[in-house]
Amino acid sequence: MEDSAFSRETLCCSVCLDPMKDPVTIPCGHNYCKRCINNHWDEEERKKLYSCPKCRQTFPLRPHLVKNTMLAELVEEMKKIMKDAPPEHCYAGAEDVACDFCTGRKLKAVKSCLQCLVSLCEQHLQPHYNTPALKKHQLVNPSKSFQESICSHHSEAKRIFCRTDQQCICYLCSLDEHRGHDTVSAAAERAEKQKQLEPNHQRIKQKIQDKEKDVKLLLKEIQAINLAADKAVGDNEKIFSELIHLMENKSSDIKQQIRNQQKTEVSRAKEILQQLEQEITELKRSETELQQLSQTEDHTQFLNVLPFLSEPSDSAEVFVPKHRTPQYFEDVTKTVSGVKDKLQSILRDEWQRALFTVTNVDVLLSQSEPKTRDEFLQFAQQITLDPNTVNMKLVLSEGDRKATYQSKKQTYPKHPERFMNRSQVLSREALTGRHYWEVEWSGFGAYIGVAYKNISRVGWNSEFGSNDESWVLWCTDYSYECIHEGFCTSLSGPPCSRIGVYLDHKAGILSFYTISDTMTLLRRVQTTFSQPLCAGFRAYYFLGFGSSVEFIDLK
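A brief structural summary.

Conventions adopted
- Residues numbered from 1 in each chain as written.
- Predicted model: local features only at pLDDT ≥ 70, side-chain atom pairs only at ≥ 80, totals over all residues.
- Heavy atoms only, no water.
- Helix = DSSP H or I, 4+ residues; strand = E, 2+ residues; numbered from the N terminus.
- Buried < 20%, exposed > 50% of the residue type's maximum accessible area, 1.4 Å probe, protein only.
- Pairing = 2+ DSSP bridges.
- Arc of directions from axis to C-beta.
- Salt bridge = Lys/Arg side-chain N within 4 Å of Asp/Glu carboxyl O.
- Core = buried A, V, L, I, M, F, W, Y, C linked by side-chain atoms within 4.5 Å.
- Contact = heavy atoms within 4.5 Å.
- Axes fitted to C-alpha atoms, helices over the stretch in contact; angles between N-to-C directions.
- Phe/Tyr/Trp six-rings, centres within 6.5 Å; stacked < 30°, edge-to-face > 60°.

### So, unusual backbone geometry
Here Asp22, not a glycine, exhibits a phi torsion of approximately 50 degrees, which is positive. For Asp22, the position within the fold is in the loop between helix H1 (2-10) and strand S1 (23-25). Phi is positive for Arg56, close to 70 degrees, though the residue is something other than glycine.

Below you can see the structure in the form of structure tokens.
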């Protein structure tokens, strides 16, 4: 086959790369299609120098071309061989099972014979169809694992199954090392196992059908979500465009009002200014006449002219503000600024609610609750405590994952989110969706729970469990209590210092568990959460000892 490959390459024109047509030989000994070499030399005609495309040897005169008869015959023979050769896809590749009878380049096997213990291509398989003795042989689809069906010790087919050792063996093995074992034919064992597989097969088929239904439902949900999201985006863009247009109109209105008032007041001021300028002119004229009369030396003239001098006319007194800083439109700016502050306040309060309604969309709301600890751990959440909320009687440690009560008041910078009257702290993370975490507490007792981030930071109403913004489990060595809105519910459960908390925010589920060798449910709360939640601790001091609470690393 390698010689054939070499021949095909040799009989191909190095210009067009196809089998040569009308092969000719040029003086250097290389061969080309007659048309190919003529086209090559036509291009070189203007240089009057002709070359071989392969070896680059040049000829001063254009060589006379003579047909290579032998080469032409070889090309025709090669075409016949190539026509009769199997298509390229019939040859075995790296991933295929090759025919054991083929020599050179092997064809793909189409069957394997369990009696002959070989794999055969279509051509070499024909005797199994035509020879009566071979027609009885069992043929199977070829597989790379076919050799595993042959005993490596006796080179016999493994047609027997040893139930004692749970493996396939050949007939000679059953007489030797497997003598006395419980053996049956591989076919009988296959039939038995096939019966056992049938229920599993039906269960798998049912699961496939169920999953396919789920896929269809989810595809519909995805389509519905996309349509709803596109509509919501369009509606919100319209609303915000209207809001922006409204603000622009209001801005234009107040701008126009300011300009109109500016024009009116400036016009009034200019009228008064003109009146004042006229009065000044008259007064200056009177002053000039008096000054000239005062300078005359003729007493008689002075006395005669004085009565005829015009007295300045009395005009209405014009009020002109004096000694004050003009603040004509500052009140307008203050009023508009107040409107801006009110809008910002409304947006700040309502914006979180709007964002929460977006994140509250959940396709998988109907998922069932976890049943085992392993299932709970799938929702394990890494949580840290927020130093800006920690009360001054608590000290954070372990990477802000542990809070410990200290009788000595700590020095923390002022912050509006810090708890002032209760030794409490909230997590940094705002929790929506499904989450699970575990807590280890020590000391006389501790409060473990969740709260809205906007829970009060001062007064008795800031205490976890005393309001409708928090849910808390109070743990001591001898009792448990669940507290919400000031109502306490006593719980029974084994004493335990490790508590598991499961939150399904969308479903409104909050559960508390004791964690030891088993998980024991203490309390399951079913409600509706209107905001994201934060995990929270409260530690305290009793009989000279301060308690501590710490998140356990579940990763």
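### What to know about the pairing of strand S18 (residues 480-484)
When you tally the buried positions in S18, you get four out of five residues, the bulk of the element. Pairing of strand S17 (residues 470-476) with S18 involves four bridges; the strand directions are antiparallel. Counted as the bridge partner of Cys475 is Tyr480 from S18. Joining the antiparallel neighbours S17 and S18 is a turn of three residues. Sheet analysis places S18 next to strand S19 (residues 487-491), joined by five bridges and oriented antiparallel. When the bridges of S19 are listed, Ile483 appears paired with Cys488. Linkage of S18 to S19, two consecutive antiparallel strands, is achieved through a turn of two residues, within which Glu485 is found at a positive phi near 55 degrees.

### A closer look at helix H2 (residues 34-43)
Those residues of H2 that sit buried are Cys36, Ile37, His40 and Trp41. In an axial view of H2, the angular spread of the buried residues amounts to 125 degrees, which keeps them on one side of the axis. In H2, those exposed residues whose orientation departs by more than 90 degrees from the buried face are Arg35 and Glu43.

### Some words on the pattern of salt bridges
The full count for this structure, using the stated rule, is 16 salt bridges. The partner of Arg268 in a salt bridge is Glu265, with the nearest N and O atoms 3.3 Å apart. Of this pair, Arg268 and Glu265 are both found in helix H7 (residues 186-294), three residues apart, which corresponds to roughly one turn of the helix. One salt bridge in this structure joins Glu417 and Lys453, with 3.8 Å as the shortest N-O distance. With Glu417 in the loop between strand S13 (402-405) and strand S14 (424-426) and Lys453 in the loop between strand S16 (445-452) and S17, the pair connects residues that are 36 residues apart, well separated along the chain. Where salt bridges share partners, they join Arg373, Glu438, Glu440 and Arg498 into one cluster.

### Examining the nonpolar core
Counting residues in each nonpolar core, the largest one holds 37 residues, and the members touching the most others are Trp437, Ile499 and Leu510. If near-sequence neighbours (up to four positions away) are discounted, Trp437 is found in contact with Gln381, Ile383, Leu431, Val450, Ile499, Gly500, Val501, Leu503, Ala535, Phe551 and Leu554. Counting residues in hydrophobic clusters, the runner-up holds 17 residues, among them Leu11, Trp41, Phe59 and Leu65.

### A word on the sheet that holds S16
Pairing is antiparallel in the open sheet, where six strands are placed in the order S14-S23-S16-S17-S18-S19. Edge positions in the open sheet fall to S14 and S19, since each of these has one partner strand only. Strand-to-strand, the axes of this sheet are offset by a mean angle of 20 degrees, without reference to chain direction.

### Quick word on the packing of aromatic side chains
Evaluation of the coordinates by the stated rule reveals 14 aromatic pairs. On the numbers, 5.7 Å between centres and 80 degrees between planes, the contact of Tyr452 with Trp471 is edge-to-face. A residue pair is termed long-range when its members are at least 10 positions apart, and Tyr452 in strand S16 and Trp471 in strand S17 qualify at 19 residues. Of the two residues examined, Tyr452 and Trp471, each falls in the buried class.

### Examining the sheet that holds strand S6 (residues 111-113)
Here we have three strands laid out as an open sheet, ordered S7-S6-S8, and antiparallel in their pairing. Single-partner strands in this sheet number two, and they are strand S7 (118-120) and strand S8 (139-140). Pairing analysis gives two bridges linking S6 to S8, with the strands arranged antiparallel. The residue bridging Cys113 from the neighbouring strand is Leu139, located in S8. Lying over the sheet, helix H4 (residues 122-130) contacts S6, S7 and S8, oriented at roughly 110 degrees with respect to S7.

### Some details on the pairing of strand S15 (residues 434-442)
In terms of burial, S15 is largely enclosed, as seven of its nine residues are buried. The sheet contact formed by S15 and strand S20 (residues 498-504) spans seven bridges and is antiparallel. By the bridge assignment, Glu438 is partnered in S20 with Gly500. Bridge count between S15 and strand S26 (residues 548-551): four bridges; the pairing is antiparallel. Paired with Glu440 across the bridge in S26 is Glu550.

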